[in-house]
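So the chains spell out like this:
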Amino acid sequence: MKTTAAADPQSLELLINGIIDYAIFMLDTDGRVRTWNKGAERLKGYAAHEIIGKPFSTFYTPEDRQKGLPTKALATAAETGRFATEGWRVRKDGSRFWALVVLDAIRDEEGGLIGFAKVTRDITERQQAHNDLLESERRYRRLVEAVVDYAIFQLDPSGHVATWNPGAERIKGYRPEEIIGRHFSTFYTPEDLEKGVPKLALKEAAEKGRFEAEGWRLRKDGTRFWASVVIDRITDESGTIIGFAKVTRDLTERKQAQEELQRVQEQLVASQKLEAVGQLSGGIAHDFNNLLMIVLGNLENAERNSRNVGGPNLHRALANAKRGAQRAAALTSRLLAFSRRQALDPKPINLNGFLSGLQEFLQRTLGERIEVQTVGGAGLWQIEADVNHLESTIVNLAINARDAMPDGGKLTIEAANVSADEDYSRANPELAAGQYVVISVSDTGSGMTPEVLNHAFEPFFTTKEPGQGTGLGLSQVYGFVKQSGGHVKIYSEVGEGTSIKMYFPRYAGSAQPSSEQADELVSEGDAVETILIVEDDADLRTYVSDVLRDLNYRVLSASSAQAALTILLQEDQQVDLLLTDVVMPGINGRDLGRRAQQLRPKLRILYMTGYSRNAVVHQGRLDEGVELLEKPVTQARLALKIRELLDRS
């Protein structure tokens, strides 16, 4: 049988001598060198005749020889068959290198120990890389120690402080020896401790890898600061959690700036009303209030004339009709009160009735191209909110929806009961667990891009053309819902429409019926006093004329400012008071009043308006010397105001 070249001793020697990156040589049982390859000569610097016969301890450092490491290495290899280690070794010239050493026992066929095979490799470069890594870690530690604007420290797996940088000392006030070893819950407020926030924070960091939050934290002296907190999980190579890295930043100044911005936002509520409501009411408010005045006036007449006739059904029907007209008048009045800065006046609201009354108004206002649908539900809970602001909020959202559907579409307003559990609350920290009624305002419009969606609630952010929007609409919605104890979220995709969900806490109390106001007295005039009525709406002009004649006034009427000026130019025509509408074609009521006073300086002038368009109101203030009645006006109020002006000296 032929043997391979590898089995030839001469070939084997050539192979071993050909290896120059490893020192490969044999030792006898006493540890003396018996063979020596080219790799050993290159690595250690000895020629074969210089080292063969000498103990292998020659390669060890004096410190290792003093510790008896060569003897221990031979003993371990002899006992277990192998010894492997890393450490410093010495070359012939005295220089040191970091060596990877393997020592294998060699035995004969009977198992007797006849020597050792030793392989050594120079891994100084690898060790240098390891040292560089250690130095990098030291530099990183020095960097962390140099940071003073961030508190950067470590926690052990149970949440106790393990390290502490100067930034942590500056922000929180504790010296390292005062805080290391204490639990990080020391920094939390009593309210957060009661809620178990520290425990929940560590749990989330452990499960998800990171916890981020903002909130109040405590310094050593007990003062509070608004903190941005990040807790990152630290694991070893096996994935076991060995601690947490915690970074805290003091954002108190930023929070104060945000609160200042909120105060500015409140000051701009009037501007928001102009933008949100003015678009809806500007074109129809005047005619709408004229119609309401006719309806209310005739209902008052019918109610007064039927007191002694008719049955209870008639009286109830008239009262219901009057109440409905008064609600419509109140809504219009609120929509037009642009410059009023009102505090919230929350009242219990039955949303089924509220939405039912809102649908027709929105449908008429938004136009035929927008289909408006309101959806309530059986057993719908009550909420407690400011009715006026809730109406304005939904009107605001309806405007946005209309603008997103220039070619028409569907607007759905829906209310439903929801219960937010702890899981939902953890996913949405701004919403506490509990029972809510969610009002959803959804459209089939163009939707929002992710970038727009991310900034939708920011004040002054708008996608409309300059001059077409203030960018406060959704910001006002957000503020109102938050102030009402609720939460608001937007769901939107480009081409799929938008849905805005407003969560209001369930109201557990009961609604109190409002008391009816007492009937007002009507002041009559003298038959010799003459009132000139100027109103372009023929039905309203006829109604007001009849009311004033019933009050014993002499009445002249005109359908325009030009016709009224013609009457006033007649010197023999007595006119004691000019009662004029403000918004009219051609010359408006305010200009008519100025010209009338030039013709007759002592003439009393009373304006009526359903929508002034800044003719008599500027910057939220009535022009000096102007007497104004806002339509619709009751007969009693009209009579009292006229009497007041005529009796004024």
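On a predicted model such as this, the values are computed, not experimentally measured, just so you know.

A. Structural view of the pairing of strand β1 (residues 22–27). Here β1 shows a clear split, with Ala23, Phe25 and Leu27 buried on one side and none of Tyr22, Ile24 and Met26 buried on the other. In the sheet, β1 pairs with strand β4 (residues 113–122) via six bridges, with the strands oriented antiparallel. What sits directly across from Met26, in β4, is Ala117.

B. Highlighting the confidence of the model for the protein chain. For the protein chain, the average pLDDT comes to 80, and 78% of its residues sit at 70 or higher. Mean pLDDT across the elements of the protein chain bottoms out in helix α12 (residues 269–281) (44) and peaks in strand β16 (residues 530–534) (95). Overall, residues 1–6 carries pLDDT values under 50, and its contacts beyond four positions in sequence, including any with other chains, amount to two contacts. The low-confidence segment residues 513–525 (pLDDT under 50) makes 22 contacts with residues lying over four places distant or belonging to another chain.

C. Representation of the sheet that holds strand β15 (residues 497–505) in the model. The sheet built from five strands is open, its strands ordered β10-β12-β13-β15-β14 with mixed pairing. The strands lining the two open edges of the sheet, one partner per strand, are β10 (370–375) and β14 (487–493). Geometrically, the sheet is characterised by an average inter-axis angle of 15° between neighbouring strands, direction not taken into account. Pairing analysis gives six bridges linking β10 to strand β12 (residues 409–420), with the strands arranged parallel. Bridging across to β12, Thr374 finds its partner in Ile413. Contacts between helix α16 (residues 387–404) and the sheet are confined to β10, β12, β13 (434–443) and β15, with β15 contributing the most and set at about 170° to the helix.

D. Geometry of helix α5 (residues 69–80). Here α5 is twelve residues long and its end C-alpha atoms lie 16 Å apart, about the 16 Å a rise of 1.5 Å per residue gives. Listed as buried for α5 are Pro70, Ala73, Leu74 and Ala77. Here the buried residues of α5 occupy an arc of 95° about the axis, which is enough to place them on one side. Turned more than 90 degrees away from the buried face of α5 sit Thr71, Glu79 and Thr80, all of them exposed.

E. Region of the structure containing the pattern of salt bridges. Taken as a whole and judged by the stated rule, the model has 24 salt bridges. Linking Arg89 and Asp64 is a salt bridge whose minimum nitrogen-to-oxygen distance equals 3.9 Å. Of the two residues, Arg89 sits in strand β2 (residues 82–90) while Asp64 sits in helix α4 (residues 62–66), which places them 25 residues apart along the sequence. Accessibility classification places Arg89 together with Asp64 in one group, the buried group.

F. Local environment of unusual backbone geometry. Unlike most non-glycine residues, Asn552 shows phi in positive territory, near 75°. Residue classification places Asn552 among the partly exposed positions, given a relative accessible area of 37%.

G. Representation of the environment of Asp581 in the model. If you trace the backbone, Asp581 turns up in strand β18 (residues 577–581). Spatially, the C-alpha atom of Asp581 lies 8.8 Å from that of Leu606, the residues being 25 residues apart in sequence.

H. Spotlight on the sheet that holds strand β22 (residues 628–630). On the basis of which strands lie adjacent, the open sheet formed by five strands has the order β17-β16-β18-β19-β22 and parallel pairing. For this open sheet the edge positions go to β17 (554–558) and β22, each flanked by a neighbour on one side alone. Geometrically, the sheet is characterised by an average inter-axis angle of 20° between neighbouring strands, direction not taken into account. Strand direction decides the pairing type here: strand β19 (residues 604–609) and β22, joined by three bridges, are parallel. Its bridge partner being in β22, Thr609 is matched across the sheet by Glu630. In the packing of helix α20 (residues 538–550) onto the sheet, the strands contacted are β16, β17 and β18, and the crossing angle to β17 comes to about 170°. The sheet strands contacting helix α22 (residues 589–599) are β16, β18 and β19, and the helix crosses β19 at an angle near 175°.

I. Local environment of the packing of aromatic side chains. All told, the structure shown has 13 aromatic pairs when counted by the stated rule. Ring plane angle 75° and centroid distance 6.0 Å describe the contact between Phe153 and Phe187, whose orientation is recorded as edge-to-face. Of this pair, Phe153 sits in strand β5 (residues 150–155) while Phe187 sits in the loop between α8 (176–179) and α9 (190–195), and the two are 34 residues apart along the sequence. The exposure class of Phe153 is buried, given its relative accessible area of 2%. The exposure class assigned to Phe187 is buried, which follows from its relative accessible area of 0%. For the pair Tyr436 and Tyr503, a centre-to-centre distance of 6.4 Å together with 85° between the ring planes defines the contact as edge-to-face. Placement of the pair is Tyr436 in strand β13 and Tyr503 in strand β15, with a sequence separation of 67 residues.

J. Geometry of the environment of Leu556. Following the sequence through the fold, Leu556 ends up in strand β17. Leu556 gets classed as buried once you look at its relative accessible area, which sits at 16%. For the pair formed by Leu556 and Ile567, sequence separation is eleven residues and the distance between their alpha carbons is 8.8 Å. Residue contacts for Leu556: discarding those within four places in its chain leaves Thr530, Ile531, Leu532, Ile533, Ile567, Gln573, Gln574 and Val575.

K. How the structure looks around the pairing of strand β6 (residues 210–218). In the sheet, β6 pairs with strand β7 (residues 224–235) via nine bridges, with the strands oriented antiparallel. Note that in β7 the partner of Arg210 across the bridge is Asp232. Between β6 and β7, which follow one another and run antiparallel, lie five residues, and Gly222 among them has a positive phi close to 90°.

L. Up close: the side chain of Thr609. Locating Thr609 in the fold gives a position in strand β19. What Thr609 contacts, discounting residues up to four positions off in sequence, is Asp581, Val582, Leu628, Leu629, Glu630 and Lys631.

M. Expanded view of α22. For α22, the complete set of buried residues consists of Gly589, Arg590, Leu592, Gly593 and Ala596. Along α22, the residues classed as buried sweep out an arc of 155° about the axis, all on the same side. Looking at the buried residues of α22, the elements they touch are β16, α21 (561–568), β18 and β19. Between a side-chain oxygen at the N-terminus of α22 and the backbone nitrogen of Arg590 the separation is 3.0 Å; the capping residue is Asn588.

N. Quick look at the environment of Gln382. Topologically, Gln382 is positioned in the loop between β10 and β11 (383–385). Take Gln382: its relative accessible area is 22%, and that puts it in the partly exposed class. Remark: the alpha-carbon pair of Gln382 and Arg506, spanning 124 residues in sequence, is separated by 6.1 Å.

Conventions used here
- Along each chain, the written sequence defines residue order, and numbers are assigned to residues from 1.
- Per-residue local features are limited, in this predicted model, to residues with pLDDT of at least 70; the limit for side-chain atom pairs, both in listing and counting, is 80 or more; totals at the level of whole chains, interfaces and linings are taken over all residues.
- Side-chain metrics rest on all non-hydrogen atoms present in the structure, leaving aside hydrogens and water.
- Summary of the burial criterion: residues with accessible area below 20% of their type's maximum are buried, those above 50% are exposed, and those between are partly exposed, where the area comes from a 1.4 Å probe applied to protein chains only.
- The helix count covers DSSP runs of H or I at least four residues long, the strand count covers runs of E at least two residues long, and both are numbered beginning at the N terminus.
- Two strands form a pair only when DSSP identifies at least two bridges running between them.
- Per residue, pLDDT captures the predictor's confidence, and it can take any value from 0 to 100.
- Contacts are assigned to residue pairs with any non-hydrogen atoms lying within 4.5 Å of each other.
- In this analysis, axes come from line fits to C-alpha atoms, helices being fitted only over the stretch in contact, and the angle between any two N-to-C directions falls in the range 0 to 180 degrees.
- Expected span of a helix: the number of residues minus one, times 1.5 Å.
- As used here, the arc belongs to the directions running from the helix axis to the C-beta atoms.
- Just to be clear on terms, a salt bridge is a Lys or Arg side-chain nitrogen sitting within 4 Å of an Asp or Glu carboxyl oxygen.
- Two aromatic rings from Phe, Tyr or Trp, using only the six-membered ring of Trp, form a pair when their centres are within 6.5 Å; if the ring planes differ by under 30 degrees the pair is stacked, by over 60 it is edge-to-face, and anything between is tilted.
- The definition of a polar contact used here is a pair of N or O atoms within 3.5 Å, where within protein one atom must be able to donate a hydrogen and the other to accept one, and adjacent residues in sequence count solely through side-chain atom pairs.

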